[in-house]
Amino acid sequence: MFSGRLYLEPGSDTLDRGPAPRIGADRPRHYLGAWRGRPVWAVDMGGTSGEEFGETADGTEWEAVPLRAAYGRLDDASWGLAGRAEQIVAWDRTHAYCGRCGTPTTHHDHDRARQCPECGLLSYPRISPAVIVLVTRGDEILLAHGRQFPGRFFSTLAGFVEPGESLEECIHREIHEEVGIRVTDIEYFGSQPWPFPNSLMIGFTAAWESGELVPQEEEIVEAGWFRADSLPPCPIGGMSIAGWMIEHWLADRRD
């Protein structure tokens, strides 16, 4: 891994192919467990140029592929493993010093953690929970064009959970803040690790209860209610749980 990129054998659609490249023994590496019957490590290639990376024993040159671009190219199991590797490598790289006293940290003997030898602070891999919600109103769903999306692209509403807040409280707060409505009938849908850089997306469905749409200008460009036959550009068939929820809703309309 290097800055959110994977090194892959050219043309490969899996991580389970070809000989391993030659890697210096000084590179930080992290055991990820057994995968397809073999032990697997994530290796931090930060600061490595293509020329320094080297080749495999048979002369194969590997290519650097952004993690997002690897989706659809890698099989699902490989992409999931790559996402786990990216999160662990990024955590290790960003916790080289104690956040409390600034002392260089060391790896804990037993846990996946970095420990400060001076004050004892333990830093574990960070996971930031976020809710993502598909809101329905009759035969319509709520989609919004967030300012973070290039072009005119819509998706479901989402937001990070704040300290001391339950998932349900986060849903009510985020939806009311972003579009001004109230919701009810909250139900769990599913979850997805989201390694950009360290989120866990927790999906829910909910039903409109009251209020008119009033988009929060700092966050939302446009929001609206859409029927199945008039959806705007949105993540159907994509890599995210937002797309999965929309597809599930569409399948219910066809049944």
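Residues numbered from 1 in each chain as written. Predicted model: local features only at pLDDT ≥ 70, side-chain atom pairs only at ≥ 80, totals over all residues. Heavy atoms only, no water.

## Focus on the overall build of the protein chain
Each helix and strand counted, the protein chain has five helices and 13 strands in total. Buried positions account for 42% of the 255 residues belonging to the protein chain. Across the protein chain, contacts joining residues at least 24 apart in sequence account for 61% of those joining residues at least 6 apart. Accessible area for the protein chain stands at about 13,700 Å²; split by element, carbon and sulfur atoms hold 50% of it. (Helix = DSSP H or I, 4+ residues; strand = E, 2+ residues; numbered from the N terminus. Buried < 20%, exposed > 50% of the residue type's maximum accessible area, 1.4 Å probe, protein only. Contact = heavy atoms within 4.5 Å. Areas by Shrake-Rupley, 256 points an atom, 1.4 Å probe, with all protein chains shown as cover.)

## Some remarks on the state of the cysteines
Under the defined criterion, the tally for this structure stands at zero disulfides. You can see Cys119 has no disulfide; the closest cysteine sulfur is in Cys98, sitting 3.6 Å from it. On the basis of relative accessible area, Cys119 is assigned to the partly exposed category, the value being 31%. (Disulfide = S-S within 2.5 Å.)

## Points about the side chain of Ser78
Along the polypeptide, Ser78 turns up in helix 3 (residues 76–94). Not counting the four nearest positions on each side in its chain, Ser78 is found in contact with Thr14, Leu15, Trp35 and Arg36.

## Some remarks on the pairing of strand 12 (residues 199–210)
In the sheet, strand 8 (residues 128–137) pairs with strand 12 via nine bridges, with the strands oriented parallel. Bridge pairing in strand 12 links Val133 to Phe204. Inspection of the sheet shows strand 11 (residues 182–194) paired to strand 12 by ten bridges, in the antiparallel sense. Bridged to Gly190 within strand 12 is Gly203. As consecutive antiparallel partners, strand 11 and strand 12 are separated by four residues. (Pairing = 2+ DSSP bridges.)

## Side note on the nonpolar core
Side chains of nonpolar character tend, in soluble globular proteins, to be buried together. Counting residues in each nonpolar core, the largest one holds 25 residues, and the members touching the most others are Leu6, Leu143 and Ile246. Elements with a minimum of two residues in this core: strand 1 (5–8), helix 2 (67–70), helix 3, strand 8, strand 9 (140–146) and helix 5 (241–254). Sort the elements by how many residues they give to this core and helix 5 lands first, with six residues. Apart from the residues within four sequence positions on either side, Leu143 is in contact with Phe154, Ser155, Thr156, Glu222, Ala223, Gly224, Phe226, Leu231, Pro232, Cys234 and Ile246. Ranked by size, the runner-up nonpolar core spans 19 residues in total, among them Val135, Ala144, Ala206 and Ala223. (Core = buried A, V, L, I, M, F, W, Y, C linked by side-chain atoms within 4.5 Å.)

## Points about the environment of Tyr97
Relative to the assigned elements, Tyr97 resides in the loop between helix 3 and strand 5 (106–107). Along the primary structure Tyr97 and Cys116 are separated by 19 residues, whereas in three dimensions their C-alpha atoms are 7.7 Å apart. Sequence-distant contacts of Tyr97, defined by excluding residues within four places in its chain, comprise Gly102, Thr103, Pro104 and Thr105.

## Overview of the packing of aromatic side chains
Any aromatic ring pair is given by two values, namely how distant the centres are and how the planes are angled relative to each other. Here the structure, examined in full by the defined rule, presents seven aromatic pairs. Ring centres of Trp79 and Phe196 lie 6.4 Å apart, and the angle between their planes is 45 degrees; this geometry places the pair in the tilted category. Highlighted residues: Trp79 in helix 3 and Phe196 in the loop between strand 11 and strand 12, separated in sequence by 117 residues. Owing to a relative accessible area of 8%, Trp79 belongs among the buried residues under this scheme. (Phe/Tyr/Trp six-rings, centres within 6.5 Å; stacked < 30°, edge-to-face > 60°.)

## Re the sheet that holds strand 5
Strand order in this open sheet of three strands is 5-6-7, and the pairing throughout is antiparallel. Of all the strands in the sheet, the pair left with one neighbour each is strand 5 and strand 7 (122–123). In this sheet, strand 6 (residues 114–115) lies alongside strand 5 in antiparallel orientation, the contact comprising two bridges. Counterpart to His107 in the pairing with strand 6 is Arg114.

## Describing helix 4 (residues 167–179)
Every α-helical turn comprises 3.6 residues, leaving residues that sit three or four positions apart pointing alike. The end-to-end C-alpha distance of helix 4 is 18 Å, a good match for the 18 Å that 13 residues give at a rise of 1.5 Å each. Listed as buried for helix 4 are Cys170, Ile171, Arg173, Glu174, Ile175, Glu178 and Val179. Just beyond helix 4, the residue with positive phi is Gly180, at close to 80 degrees. (Expected span 1.5 Å × (residues − 1).)

## Re the confidence of the model for the protein chain
Looking at the protein chain as a whole, its pLDDT mean stands at 88, while 89% of the residues score no less than 70. Contacts for the low-pLDDT stretch residues 48–57, under 50 throughout, to residues beyond four places or in other chains number 20 contacts. (pLDDT = per-residue confidence, 0-100.)

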